[in-house]
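Architecture and fold: a report
Each chain is listed here by its residues.
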Amino acid sequence: MAQAFVQALFCEKGTEEACGECPACKKVEHKNHPDFIYVTHEKPNTISVKEIREQLVEDLEIRPYSASHKVYVIDEAEKMSREAQNALLKSLEEPPEYGVILLLTNNASSLLSTIRSRCVTLNIRPVEEREAVRKILIKEYQMPEYEAEDILNFAQGNVGKAIALATGEEYRQMMDDVLALAGRIHDFDQARIREKAHDLAEANRKGGLDLKEYFDLLVLWYRDVLLYKATSNPEQIYFKNRIREIKRQSARGRYSDLKEVIDSIDRTGKLLRSNIDAELSLTMLMQAMKEI
Ligand SMILES: [Zn+2]
């Protein structure tokens, strides 16, 4: 959406919608337009005050090179440190007439209220046209039909997420890892649980793993187990190729335990966002999973 917006602003055809063909549209698409600045950050989980100052605040003083405007995009804006957000306040409040700053976030409430009060909020809703997203995945990203189906289920109408999943190896790896964990947790002893908790916490800290997505997949697994327990119908199961293990867990787990695990995943996810000891809370979560 941010890219489409910048293209519409810069397009040389000057019509309401971007043409997608002219040099300006192309340069925006390839992220090499000199007046379109995509703020980058070195550490995976933080955008520092230095990065905001150098790439945005100071750069904003310089007039656009060829376009009418200069646009800055801060993706995952919730990763800005408190100092970074404070450094941005003045630019947000009184940008030069050519300055446009777009903050993209999945969680606007985690930004400082002083930031939010200076922004216009546009809520991007999930796309309802499942078919349209399916076509994009198959045509433009050469996805096999069955994989496109998996991704559509998981992305739930979030096109950006669907594309990220379709283009990244990480998704497949994460899926395999979640299935190995949820499917075999009953064989894990204490040492193995602690080791797994340690590995996940480390990967999360280094930015190699998005624990939120990891947890979304785990919840899907237990949703399958609950659903199968309630209906004995394999039709609506998401992980169809793991039906045997899902049957087994649904026969063994009580409703209350399964519900407890789903709540526990949710709770752990929230705790992890508030920087508590990730390893300990992951260990406790896996303990609860094992007890089913
Ligand atoms: Zn154009």
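What you see is a predicted model; the values in this text were computed from it and never measured.

What the domain assignment lists for the protein chain is domain 1 (34-116), domain 2 (128-167) and domain 3 (170-291). The straight-line distance from the C-alpha centre of domain 1 to that of domain 2 is 30 Å.

All right, on to unusual backbone geometry then. Although it is not a glycine, Lys-31 sits at a positive phi angle of roughly 55°. The phi torsion at Glu-76 lies on the positive side, around 50°, for a residue other than glycine. Its place among the elements puts Glu-76 in the loop between strand S2 (70-74) and helix H4 (82-93). A tally of 17 C-beta atoms within 10 Å means that Glu-76 is categorised as partly exposed.

We now examine the nonpolar core. By size, the foremost hydrophobic cluster in this structure holds 33 residues, and its most contacted members are Leu-137, Ile-151, Ala-162 and Trp-221. Listed by contribution, the elements that provide at least two residues to this core are helix H6 (130-140), helix H7 (145-155), helix H8 (159-167), helix H9 (169-184), helix H10 (190-206), helix H11 (211-231), helix H13 (255-273) and helix H14 (278-291). Of the residues forming this core, the biggest block, seven residues, is contributed by H11. Per-domain counts for this core show at least three residues from each of domain 2 (128-167) and domain 3 (170-291). Among all residues touching Ile-151, those that are not within four sequence positions of it are Leu-137, Ala-162, Leu-165 and Ala-166. Formed by 23 residues, the second largest nonpolar core is a distinct cluster that contains Val-6, Cys-25, Val-73 and Ile-101.

Conventions we followed
Residues numbered from 1 in each chain as written. Predicted model: local features only at pLDDT ≥ 70, side-chain atom pairs only at ≥ 80, totals over all residues. Domains from an automatic or database assignment. Helix = DSSP H or I, 4+ residues; strand = E, 2+ residues; numbered from the N terminus. Buried ≥ 20, exposed ≤ 12 C-beta atoms within 10 Å, placed from the backbone. Core = buried A, V, L, I, M, F, W, Y, C linked by C-beta atoms within 7 Å. Contact = placed C-beta atoms within 7 Å.

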